[in-house]
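This is what each chain is made of:
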Amino acid sequence: MTTISENETLTRVGPGTPMGELMRQYWVPCAGSSELKADGDPVRIMILGEKLIAFRDSSGKLGILDQRCPHRRASLFYGRNEHGGIRCVYHGWKFDTDGNCLETQNVPNADYNKRIKAKAYRAAERNGVVYVYMGAKEEPPALPGFECNQVPEEDLFVRFTFRECNWLQAVEGELDTSHVGIMHFGAVTREQLAGDPMQSYMVANKAPEYEIKETPYGYIYAAYRPADGEELYWRYGHFSLPFWTSPPINQMETNVLQRAFVPMDDTHTLFVSMFKKGAYPESRVQAQDGIAGASQNFPYLPNSTDWYGRWRLRANASNDYELDREVQRTKSFTGIEGVQLQDQAVQESMGAITDRESENLAPSDIMIVRVRRLLLDAARAWKEEGKLHFSAEHPEAYGGVRGGHLVAHRDRDWLETYAKAIAAAPWQDLGKVKSPA
Ligand code: FES
Ligand SMILES: [Fe+2]
């Protein structure tokens, strides 16, 4: 059982909290590159409970500053992004992307600015995603070495979605593989999935068994159930510290896909999904075409400048996710359209931070139990002993991480099967791949 105090440790992410301090040792995805234009509008971003202003200066350099001006604490959101820095509109103090104060317009002493510094975090970007490093190290680690960070930028698709619940509920929704055949495909028959035989094994057997192993980056797991003859159908996935998942939503050969569930604060999450174009093969799309509820549609509301105003979906808790009871009675298990919207509905329905001490966990929740323990141990080791989890200083450890499904003879070892499948898969940088075993 997870106690109230463990739940607090797991879910609170603000400055000074054990989990928040652990997460600050990693690069955190926080915005899309296209949201920040050179000399364009500053953007409010909320990350790990901190209100920050992101902007791109005239030369294209990214700046991520505490929203409060160091003079008298006015918000830099209202600032003018001009000629190499952001200028607070209250008294005209101007800051570059590193937080250096360039000018103090209302002070006669020309050198006064040299004594002032705005709180600034390191920023980086890769493949259309902006990352922030909120830790104290002079030299932050390299960006995580996932395949999605190694493929050419033009090959990668990135999507952001806002979720109104604690980050761990969203992560656990990904690790909870047994819900897929029920919530997402519970009203689908094997015949309907004739064009997608692997998914049809999942529909035929809703109670898989599991393998799980700790790795240098977190955990690899696999759910297995019978396929045809002597073969088993395997769904491999990963949890990578501190908030990354690699779900098995496509065949291993194409599933270059990574997801992050970034805590904006304790009760709001930025879901970042990156995948290589072609991750969803055409045969898969066609097989699911016309299956009620199985679509990947994302109708967004217009973004606003609010802290919680970006990447909100039109279907949300305020309209019961556009639940259609007639569709639920006759066509789909939930009556909610869209696999990820179904996930969002149940995760948000658990409450902003769910009360884990009231759960009744089952054998199907083994990944959830293990990952909670891993997170608690990693957060405590950092906070109490100053010992960092291996992954925080070895971003190359994420190199061979890919989720996916496959069919293999029942006598084959699950980790050997995985290693072989990864070695044979296209698009990866083999030189950087490390086996999780
Ligand atoms: S509060 Fe920003 S310049 Fe005075
Ligand atoms: Fe799901």
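**Description of the overall build of the chain**
Here's step 1: Each helix and strand counted, the chain has 11 helices and 18 strands in total.
Here's step 2: Seen through its C-alpha atoms, the chain measures out along the principal axes to roughly 85 × 50 × 45 Å.
Here's step 3: Taking as baseline every contact in the chain between residues at least 6 positions apart, the subset at least 24 positions apart corresponds to 61%.

**Concerning the environment of Gln-169**
Here's step 1: In this fold, Gln-169 is placed in helix H3 (residues 167-175).
Here's step 2: Residues Gln-169 and Glu-357, spaced 188 residues apart in sequence, show a C-alpha to C-alpha distance of 14 Å.

**Observations regarding the domain arrangement of the chain**
Here's step 1: What the domain assignment reports for the chain is domain 1 (27-138) and domain 2 (148-432).
Here's step 2: The C-alpha centroid of domain 2 is placed 34 Å from the C-alpha centroid of domain 1.
Here's step 3: Secondary-structure elements contributing two or more residues to the side of domain 1 that touches domain 2 are strand E1 (27-32) and strand E2 (43-47).
Here's step 4: Per element, the largest residue contribution to the side of domain 1 that touches domain 2 is four residues, and it comes from E1.
Here's step 5: Its residues assigned to classes, the side of domain 1 that touches domain 2 comprises seven nonpolar, four polar and three charged.

**Re unusual backbone geometry**
Here's step 1: At the junction of Leu-241 and Pro-242, the peptide bond is cis and its omega measures out at 0° in the coordinates.
Here's step 2: Among the structural elements, Pro-242 can be located in the loop between strand E14 (231-240) and strand E15 (244-246).
Here's step 3: In this structure, Leu-48 is a non-glycine residue whose phi angle is positive, near 50°.
Here's step 4: Position of Leu-48 relative to the elements: it lies in the loop between E2 and strand E3 (50-56).
Here's step 5: On the neighbour-count criterion, Leu-48 (24 C-beta atoms within 10 Å) is buried.
Here's step 6: Here Tyr-321, not a glycine, exhibits a phi torsion of approximately 55°, which is positive.
Here's step 7: Looking at the secondary structure, you find Tyr-321 in the loop between helix H6 (282-288) and helix H7 (325-330).

**Considerations on the pairing of E2**
Here's step 1: Within E2, four of the five residues are buried, which leaves it mostly tucked inside the rest of the structure.
Here's step 2: With five bridges connecting them, E2 and E3 associate as antiparallel partners. Bridged to Met-46 within E3 is Lys-51.
Here's step 3: Count of turn residues in the E2/E3 antiparallel hairpin: two residues, of which Leu-48 carries a positive phi of about 50°.

**Thoughts on the confidence of the model for the chain**
Here's step 1: On average, the chain scores 94 in pLDDT, and the residues at 70 or more come to 98%.
Here's step 2: Low pLDDT, under 50, characterises residues 433-437; the stretch is placed with 15 contacts to residues that sit more than four places away or in other chains.

**Here's the deal with the packing of helix H1 (residues 4-11) against helix H9 (residues 366-385)**
Here's step 1: The geometry of H1 relative to H9 is characterised by a closest axis approach of 10 Å and an angle of 75° between their N-to-C directions. Considered as vectors, H1 and H9 are oriented roughly perpendicular to each other. Residues Glu-6, Thr-9 and Leu-10 of H1 pack against Arg-372, Leu-375, Leu-376 and Ala-379 of H9.
Here's step 2: A breakdown of the residues in the contact of H1 with H9 according to their chemical character gives four nonpolar, one polar and two charged.

**Things to note about the nonpolar core**
Here's step 1: Among the nonpolar cores identified, the biggest contains 104 residues, and Val-28, Cys-30, Ile-47, Ala-54, Val-130, Val-132 and Val-262 are the most heavily contacted of them.
Here's step 2: Counting residues per element, this core draws most heavily on H9, which supplies seven residues.
Here's step 3: Domain assignment of the residues forming this core places at least three in each of domain 1 (27-138) and domain 2 (148-432).
Here's step 4: Residues contacting Val-130, with those up to four places away along its chain left out, are Cys-30, Ala-31, Gly-32, Ser-33, Leu-36, Ala-54, Leu-62, Ala-123 and Glu-125.

**What to know about the sheet that holds strand E10 (residues 129-133)**
Here's step 1: What the six strands build is an open sheet, ordered E1-E10-E9-E4-E3-E2; its pairing is antiparallel. Here the strands that pair on one side only, and so sit at the sheet edges, are E1 and E2. The sheet shows a mean angle of 35° between the axes of neighbouring strands, taken without regard to direction.

**Remarks on the environment of Tyr-78**
Here's step 1: Along the chain, Tyr-78 turns up in the loop between strand E4 (62-66) and strand E5 (80-81).
Here's step 2: We classify Tyr-78 as partly exposed; it has 14 C-beta atoms within 10 Å.

**Details of the sheet that holds E5**
Note on sheets: strands pair through backbone hydrogen bonds, and any given pair is parallel or antiparallel.
Here's step 1: Within the open sheet, the four strands sit side by side as E5-E6-E7-E8. Their pairing is antiparallel. Each edge of the open sheet is held by one strand with a lone partner, namely E5 and strand E8 (101-103).
Here's step 2: As paired strands, E5 and strand E6 (residues 86-87) are joined by two bridges and run antiparallel to one another. By the bridge assignment, Arg-80 is partnered in E6 with Arg-87.

**Concerning helix H8 (residues 339-349)**
Here's step 1: The buried fraction of H8 amounts to eight of the 11 residues, a majority that puts the element mostly inside the structure.
Here's step 2: The inward-facing, buried residues of H8 abut strand E11 (156-163), H3 and helix H4 (180-184).
Here's step 3: One or two positions beyond H8, positive phi appears at Gly-351, with a value near 100°.

**Some thoughts on the pairing of E3**
Here's step 1: Among the seven residues in E3, six count as buried, and that is most of the element.
Here's step 2: Pairing of E3 with E4 involves five bridges; the strand directions are antiparallel. Bridge pairing links Phe-55 to Gly-63 in E4.
Here's step 3: Linking two consecutive strands that pair antiparallel, namely E3 and E4, is a turn of five residues; a positive phi of about 95° is found at Gly-60 within it.

**Overview of the environment of Trp-414**
Here's step 1: Assignment of secondary structure puts Trp-414 in helix H11 (residues 414-424).
Here's step 2: Apart from residues lying up to four places away in sequence, Trp-414 is in contact with Glu-211, Ala-222 and Trp-234.

What counts, and where the lines are drawn
- Residues numbered from 1 in each chain as written.
- Chains lettered and ligands numbered in written order.
- Predicted model: local features only at pLDDT ≥ 70, side-chain atom pairs only at ≥ 80, totals over all residues.
- Helix = DSSP H or I, 4+ residues; strand = E, 2+ residues; numbered from the N terminus.
- Contact = placed C-beta atoms within 7 Å.
- Domains from an automatic or database assignment.
- Nonpolar A, V, L, I, M, F, W, Y, C, P; charged D, E, K, R; others polar.
- Buried ≥ 20, exposed ≤ 12 C-beta atoms within 10 Å, placed from the backbone.
- Pairing = 2+ DSSP bridges.
- pLDDT = per-residue confidence, 0-100.
- Axes fitted to C-alpha atoms, helices over the stretch in contact; angles between N-to-C directions.
- Parallel < 35°, antiparallel > 145°, perpendicular 65-115°, else oblique.
- Core = buried A, V, L, I, M, F, W, Y, C linked by C-beta atoms within 7 Å.

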